[in-house]
Amino acid sequence: MFASPQRTVMGLYESARAVAGADGSGAIDWDAVVAATKHATDPGSLDVSEAEREGYARDVRAARERVREVSGLDFDVPDTVELQNRHHWVESNAETFARVLAPLDERPAALPGVSRRANTASMTVSLSFLARHVLGQYDPLLLGERDGHALYFVHPNIKRAAASLDVEGERFRRWIAFHEVTHAAEFGAAPWLQPYLEEHIQEAVTSVENRSLDADALSEMMTAMTAVEGYAELLMDRAFDREYDDLRAKLDARRRQGNPLTKLLRRLLGLELKREQYERGAAFFENVVERTDFGTAALVWDAPANLPTDGELDAPAEWIARVA
């Protein structure tokens, strides 16, 4: 269901007011970000039938069993699976972004008020765009104060995407569930992965704060994320118990045919880079499995030293010789 023009205009007006009223001493006013993003974003319907709720739960259980069977990895999924609307997703992720970007609060700005409003506005645009497009999310709760992990499905986005792609809703929902559960498998099999990413994220943000760039730390983080996305892509393909070629083809076609503004935002937010990570990482692990087996590919999660280097991503035989 689309928002009326009057509601859209009023939402944008209230969003602008929230950004203009950004206050506080930090680099970003996160309360204003959340308020402005909600005003600019239709929450979408969370009218979910009991059959749909059971469908989500059934898909996650099936994904857990199939991924365990195919990968041989020992892991579990979060106790609670959250069905969210777009506003719920914004609230959950604003907290994570605030934790990750906290070091920026220590950097003095020449014009604090102006900088804060500009940062608040740019983060509002980013979260608004993502809230309308994210389908599902495995959240390891990076830099959180409590242990655990979470699994979200943005129900209105899944329903809208399935309709716009003209694919069966239940199969599409199940495909998304399998993708997110593969990430749970990776983090469950590699207890070191969460602190490893946290350390490198903090180093990257601190380098920005200090107006320097730690190229080595950034390269290591990008290589790790390529491994995470690539292994998940391969594992999902091997574990999914339905036809999926048409789903991937239609999603890729939709990305290519997006309007110019959408394409620009995807590039600015690094989403095109993430697609490249999927493809490069998946090609690496596909080659490893073809040369050896899935057990050898899973060695990547034994220790940080087993992550492929940037060069090894394009030369899987070198990684096999070093690790296996």
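Presented here is an overview of the structure given in this document. (Residues numbered from 1 in each chain as written. Predicted model: local features only at pLDDT ≥ 70, side-chain atom pairs only at ≥ 80, totals over all residues. Heavy atoms only, no water.)

## Remarks on helix α15 (residues 316-323)
An α-helical turn contains 3.6 residues, so any two residues separated by three or four positions project in the same direction.
Alright, step 1. For α15, the set of buried residues is P316, W319, I320 and V323. End-on, the buried residues of α15 take up no more than an arc of 100°, which puts them together on one face. Within α15, the exposed residues directed more than 90 degrees away from the buried face are E318 and A321. (Buried < 20%, exposed > 50% of the residue type's maximum accessible area, 1.4 Å probe, protein only. Helix = DSSP H or I, 4+ residues; strand = E, 2+ residues; numbered from the N terminus. Arc of directions from axis to C-beta.)

## Observations concerning the sheet that holds strand β3 (residues 150-154)
Alright, step 1. Taking strand neighbours across the sheet as the criterion, the three strands line up as β1-β3-β2 in an open arrangement whose pairing is mixed. Here the strands that pair on one side only, and so sit at the sheet edges, are β1 (81-84) and β2 (136-139). Averaged over neighbouring strand pairs, the angle between their axes works out to 20° when direction is ignored.
Alright, step 2. Contacts from helix α4 (residues 86-100) reach β1, β2 and β3, with the element oriented near 120° to β1. (Pairing = 2+ DSSP bridges. Axes fitted to C-alpha atoms, helices over the stretch in contact; angles between N-to-C directions. Contact = heavy atoms within 4.5 Å.)

## Concerning the packing of aromatic side chains
Alright, step 1. Going through the model one piece at a time under the given rule, you end up with 11 aromatic pairs.
Alright, step 2. For the ring pair F172 and W175, a centre distance of 6.3 Å and an interplane angle of 45° mean the geometry is tilted. Separated by three residues within a single helix, F172 and W175 lie in helix α7 (residues 169-189), roughly one turn from each other. The same class applies to F172 as to W175, namely buried.
Alright, step 3. Relative to F285, the ring of Y231 has its centre 5.2 Å away and its plane inclined at 80°; by these criteria the two rings are edge-to-face. Of this pair, Y231 sits in helix α9 (residues 215-239) while F285 sits in helix α12 (residues 271-291); the two residues are 54 residues apart in sequence, bridging distant segments of the chain. The pair formed by Y231 and F285 is uniform in burial state, with each residue classed as buried.
Alright, step 4. One residue, R68, lies across the ring of F75, its end atom 5.7 Å from the ring centre. (Phe/Tyr/Trp six-rings, centres within 6.5 Å; stacked < 30°, edge-to-face > 60°. Lys NZ or Arg CZ within 6 Å of the ring centre and 35° of its normal.)

## Structural notes on the pattern of salt bridges
Alright, step 1. Scanning all chains against the criterion turns up 19 salt bridges.
Alright, step 2. Two residues, K38 and E91, come together in a salt bridge whose shortest N-O distance is 2.3 Å. With K38 in helix α2 (residues 30-40) and E91 in helix α4, this residue pair connects regions lying 53 residues apart in the sequence.
Alright, step 3. Across the pair R248 and D237 runs a salt bridge whose closest N-O atoms are separated by 2.9 Å. One end of the pair, R248, is in helix α10 (residues 245-256); the other, D237, is in helix α9, and 11 residues separate them in sequence. (Salt bridge = Lys/Arg side-chain N within 4 Å of Asp/Glu carboxyl O.)

## Considering the nonpolar core
Alright, step 1. If you look at the biggest cluster of nonpolar residues, it comprises 59 residues, and the most contacted ones within it are F153, F172, W175, Y231 and W301.
Alright, step 2. Sort the elements by how many residues they give to this core and α7 lands first, with nine residues.
Alright, step 3. Not counting residues within four places of it along the chain, the set of residues in contact with W301 comprises L73, E186, A189, A190, W192, L193, A227, V228, Y231 and L307.
Alright, step 4. Counting residues in hydrophobic clusters, the runner-up holds 23 residues, among them L104, M123, A204 and M221. (Core = buried A, V, L, I, M, F, W, Y, C linked by side-chain atoms within 4.5 Å.)

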